[in-house]
Amino acid sequence: MRMVELINNVNRLSEGTELESKTLMNVITDSALDPNKIPLTNNASQAWNMDFFLQSLTDDPRPLRDDVRRTIAEHFGSFERFQETFTQ
């Protein structure tokens, strides 16, 4: 339900403006520097972020790329330690 709320806010806040028919990414980039459009930027950013997250979910997990696994290991000592940290 949160996504619907965010999109409704973006639609309401952009209604009647040059941003009304733009994509979320364009709304974000075109409104980000205008202090009067902070609520619009925030709602559009949160909606884009949630959509990105939801699009990345899968019921068919794949192994991590080697570079990602290495970076995680650099920060946590090992990939296994990372997994332990986030499953507690």
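Residues numbered from 1 in each chain as written. Predicted model: local features only at pLDDT ≥ 70, side-chain atom pairs only at ≥ 80, totals over all residues. Heavy atoms only, no water.

On to the packing of helix α2 (residues 24–31) against helix α3 (residues 38–56), then. Taken N-terminus to C-terminus, the directions of α2 and α3 make an angle of 145°; their axes are 9 Å apart at the nearest point. Between α2 and α3 the crossing geometry is left-handed. Counting all contacts with α2, which are made through Leu24, Met25, Val27, Ile28 and Ser31, the residues of α3 involved are Leu40, Thr41, Ala44, Ser45, Ala47 and Trp48. Tallied by class, the residues present in the contact of α2 with α3 amount to eight nonpolar, three polar and no charged. (Axes fitted to C-alpha atoms, helices over the stretch in contact; angles between N-to-C directions. Helix = DSSP H or I, 4+ residues; strand = E, 2+ residues; numbered from the N terminus. Left-handed = near helix turned anticlockwise from the far one by under 90°. Contact = heavy atoms within 4.5 Å. Nonpolar A, V, L, I, M, F, W, Y, C, P; charged D, E, K, R; others polar.)

Turning next to the nonpolar core. Nonpolar side chains in soluble globular proteins generally cluster together in the buried interior. In this structure, Val10, Leu19, Val27, Ile28, Leu40 and Ala44 together form the largest nonpolar core, which totals six residues. For this core, the elements supplying multiple residues, two or more each, are α2 and α3. With residues up to four places along the chain from it excluded, the contact list for Ala44 reads Val10, Leu24, Val27 and Ile28. (Core = buried A, V, L, I, M, F, W, Y, C linked by side-chain atoms within 4.5 Å. Buried < 20%, exposed > 50% of the residue type's maximum accessible area, 1.4 Å probe, protein only.)

Summed over all chains, the structure comprises five salt bridges. Shared partners join several salt bridges into a network, and the residues in it are Glu18, Asp34 and Lys37. (Salt bridge = Lys/Arg side-chain N within 4 Å of Asp/Glu carboxyl O.)

All chains considered together, the criterion is met by five aromatic pairs. Where Phe79 meets Phe82, the ring centres are 5.7 Å apart and the plane angle is 40°; that geometry is what we call tilted. Of this pair, Phe79 and Phe82 both sit in helix α5 (residues 79–87), three residues apart, roughly one helical turn. Judged by relative accessible area, Phe82 falls into the partly exposed class, the value being 22%. What links up through ring pairs into an aromatic cluster is the set Phe76, Phe79, Phe82 and Phe86. Here the guanidinium or amino end of Arg69 rests over the ring plane of Phe79, the centre of that ring lying 4.1 Å away. (Phe/Tyr/Trp six-rings, centres within 6.5 Å; stacked < 30°, edge-to-face > 60°. Lys NZ or Arg CZ within 6 Å of the ring centre and 35° of its normal.)

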